[in-house]
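Structural overview
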Amino acid sequence: VVTETVKLGSVSSEAGLSAKLAPSQAVQISPKSNGKLTSLPVKLGQYVKQGDVLFRIDEQDLANSLKQAEANYKLAQASLKQSSTNSSQTLTQAQSSLTQAAQSLKDAELNLKRMQSLFNEGAVTAQQLEQAQTTLTTAQTSYNNAKQTLQTAQQKAGDQVSEASLQQSLVTLENAREQMANAVVTSPISGFVSQVQGEVGQFASPQAPVLTVINTNPLLVKVNVSEQDITHIKTGDAVKIEVSALNKKIDAKVTAISPVMDPQAKAYPMEISIPNPNNELKADMVVNVTFTGQSNAAANKPIVSRKAVFNRDAKEFVYVVQGDTVKQVEVTTGASSSDQVEVVSGLKDGDQVVVKGQTMLKDGAKISIIQQ
């Protein structure tokens, strides 16, 4: 067998993953309306600030649309004014007619009462009484008609068709103004132009990006962490980023962890933010990420090679050398790395354990130690 001496120390839980650097922002920029590109002053790799002009599209068609919208809005204003004037005149006439009809009805009612009294006294004939009743009926009909005419006039005065037309033309005008303003396209973020897909003279549309702007300060490392490792990692944990192309190591921290597993990757997405003020790091550079857990240095526990520990009946054991034989000892393990494990109980400093050849051993077996 090959053996190893137990030593006191500490173990850091580590897991290494390969990943690529990614921009913290990447925006594909398209015009909001169709048009021919008339200006494209930026170039690939150029740094632009938020608000800088990226490109322009032909404004002639947009200017014509704006003039048409302004004319339609003025026409709608005039129509609403005329409609209001006509409705006001009609309403005044209807109110006057109703007042006259109400007075005539009142006069007819008084006249009928007077004629009824005179008829009872024998002062007027039955024909004269009937004529008074007919006059009242006619006055009542005229009053009802005048009342209905006023109600109709009031409804027309409150009609919102012309006002709705004005509002619709106003919306069209505002849209035309906005499209005119959008003929000049500016950068929504500060960063570098990473792609240029358009050219001056080319027809541009909202469906096809003209260029892409990315923000590389900070950069992001996006990795997928397994179900086993995610339980040992939390936001704010320290990580080490090794950039092979630059032979450089960077200290960073975990900035975001998804609470939901990616069904495609069968792992949990995680992000690490890395400051990049000098643009030394480039997007898509390959990096190695090491997640370092908290060290248990204060405990100063016995540390052995992972190869020394084996499982049997759902328990963990090691073979401890005792002279020319071995003893199977149950152990309780703690923190671990890729090649070492902390033993919480079962071993002490200076114990000699078997790290190779355990498959041929049993408790009490005689051994011969090979030096490596």
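Residues numbered from 1 in each chain as written. Predicted model: local features only at pLDDT ≥ 70, side-chain atom pairs only at ≥ 80, totals over all residues. Heavy atoms only, no water.

Let's shift gears to the overall build of the protein. The helix and strand inventory of the protein stands at four helices and 21 strands. When the 372 residues of the protein are sorted by exposure, 32% land in the buried category. Looking at the protein alone, contacts between residues at least 24 apart form 73% of all its contacts between residues at least 6 apart. Taken as a whole, the protein presents about 22,600 Å² of accessible surface, with 47% of it coming from carbon and sulfur. (Helix = DSSP H or I, 4+ residues; strand = E, 2+ residues; numbered from the N terminus. Buried < 20%, exposed > 50% of the residue type's maximum accessible area, 1.4 Å probe, protein only. Contact = heavy atoms within 4.5 Å. Areas by Shrake-Rupley, 256 points an atom, 1.4 Å probe, with all protein chains shown as cover.)

Right, let's get into the pairing of strand E11 (residues 238-243). The alternating pattern of E11 places Val239, Ile241 and Val243 on a buried face and Ala238, Lys240 and Glu242 on a face that is not buried. For E11 and strand E12 (residues 248-257), the ladder comprises six bridges, and the chain directions are antiparallel. Looking at E12, one finds that Glu242 is bridged to Lys249. In this structure, the hairpin formed by E11 and E12 is closed by a connection of four residues, where Asn247 is found at a positive phi of approximately 50°. (Pairing = 2+ DSSP bridges.)

Let's shift gears to the side chain of Asp351. Its location among the elements puts Asp351 in the loop between strand E20 (340-345) and strand E21 (352-356). A distance of 3.0 Å separates a polar atom in the side chain of Asp351 from the backbone nitrogen of Lys348. Residue contacts for Asp351: discarding those within four places in its chain leaves Glu4, Thr5, Val6 and Val320. (Polar contact = N/O pair within 3.5 Å; in protein donor to acceptor, adjacent residues only side chain to side chain.)

Looking at where Ser205 falls in the secondary structure, it is placed in the loop between strand E9 (203-204) and strand E10 (211-225). By relative accessible area, which is 15% here, Ser205 ends up buried.

Our focus in this paragraph is the sheet that holds strand E7 (residues 184-186). The strand order across the open sheet formed by four strands is E7-E6-E4-E9, and the pairing between neighbours is antiparallel. Edge strands, defined here as strands with exactly one partner in the open sheet, are E7 and E9. Alignment of strand E4 (residues 35-39) against E9, held across two bridges, turns out to be antiparallel. Looking at the pairing, Gly35 lines up with Ala204 of E9.

This next bit is on the pattern of salt bridges. This model, assessed by the stated rule, comprises four salt bridges. For Lys348, the salt bridge identified is with Asp351, shortest N-O distance 3.0 Å. (Salt bridge = Lys/Arg side-chain N within 4 Å of Asp/Glu carboxyl O.)

The next subject is the environment of Thr3. Turning to its location among the elements, Thr3 is positioned in strand E1 (residues 2-5). Classification of Thr3 by relative accessible area gives buried; the value is 18%. Beyond its immediate sequence surroundings of up to four residues, Thr3 is in contact with Val321, Gln352, Val353, Val354, Val355 and Ile369. Separated by 2.8 Å, the side chains of Thr3 and Gln352 make a polar contact.

Cis geometry is found at the peptide bond from Asn217 to Pro218, where omega equals 5°. By the secondary structure assignment, Pro218 is in strand E10. In this model, Asp313 sits at a positive phi of 55°, which is unusual for a non-glycine residue. For Asp313, the location among the structural elements is in the loop between strand E16 (310-312) and strand E17 (315-322).

Glancing now at the nonpolar core. Ranked by size, the top nonpolar core spans 23 residues in total, and within it Val221, Ile241, Ile272, Val289 and Phe291 carry the most contacts. At the level of secondary structure, the elements contributing two or more residues to this core comprise strand E3 (14-29), E10, E11, E12, strand E13 (268-274) and strand E14 (286-292). Ranked by size, the runner-up nonpolar core spans 17 residues in total, among them Val48, Val185, Ile189 and Val210. (Core = buried A, V, L, I, M, F, W, Y, C linked by side-chain atoms within 4.5 Å.)

The next subject is the packing of aromatic side chains. Per the stated rule, a full pass over the model turns up three aromatic pairs. Grouped by ring-pair contacts, the aromatic residues Phe310, Phe317 and Tyr319 constitute a single cluster. (Phe/Tyr/Trp six-rings, centres within 6.5 Å; stacked < 30°, edge-to-face > 60°.)

Looking now at the confidence of the model for the protein. When pLDDT is averaged along the protein, the result is 84, and 88% of the positions lie at 70 or above. Within the protein, the lowest mean pLDDT, 74, falls on helix H3 (residues 161-181), and the highest, 96, falls on strand E5 (residues 47-48). Low pLDDT (under 50) marks residues 294-298, which in the prediction has nine contacts with non-local residues, meaning those over four places away or in another chain. (pLDDT = per-residue confidence, 0-100.)

This part takes up the pairing of E13. A one-sided burial pattern is seen for E13, the buried positions being Tyr268, Met270, Ile272 and Ile274 and the unburied ones Pro269, Glu271 and Ser273. Of the strand pairs in this sheet, E10 and E13 are connected by seven bridges, and their pairing is antiparallel. Within E13, the residue paired with Val223 across the bridge is Met270. Bridge count between E12 and E13: four bridges; the pairing is antiparallel. Bridge pairing links Ala256 to Glu271 in E13.

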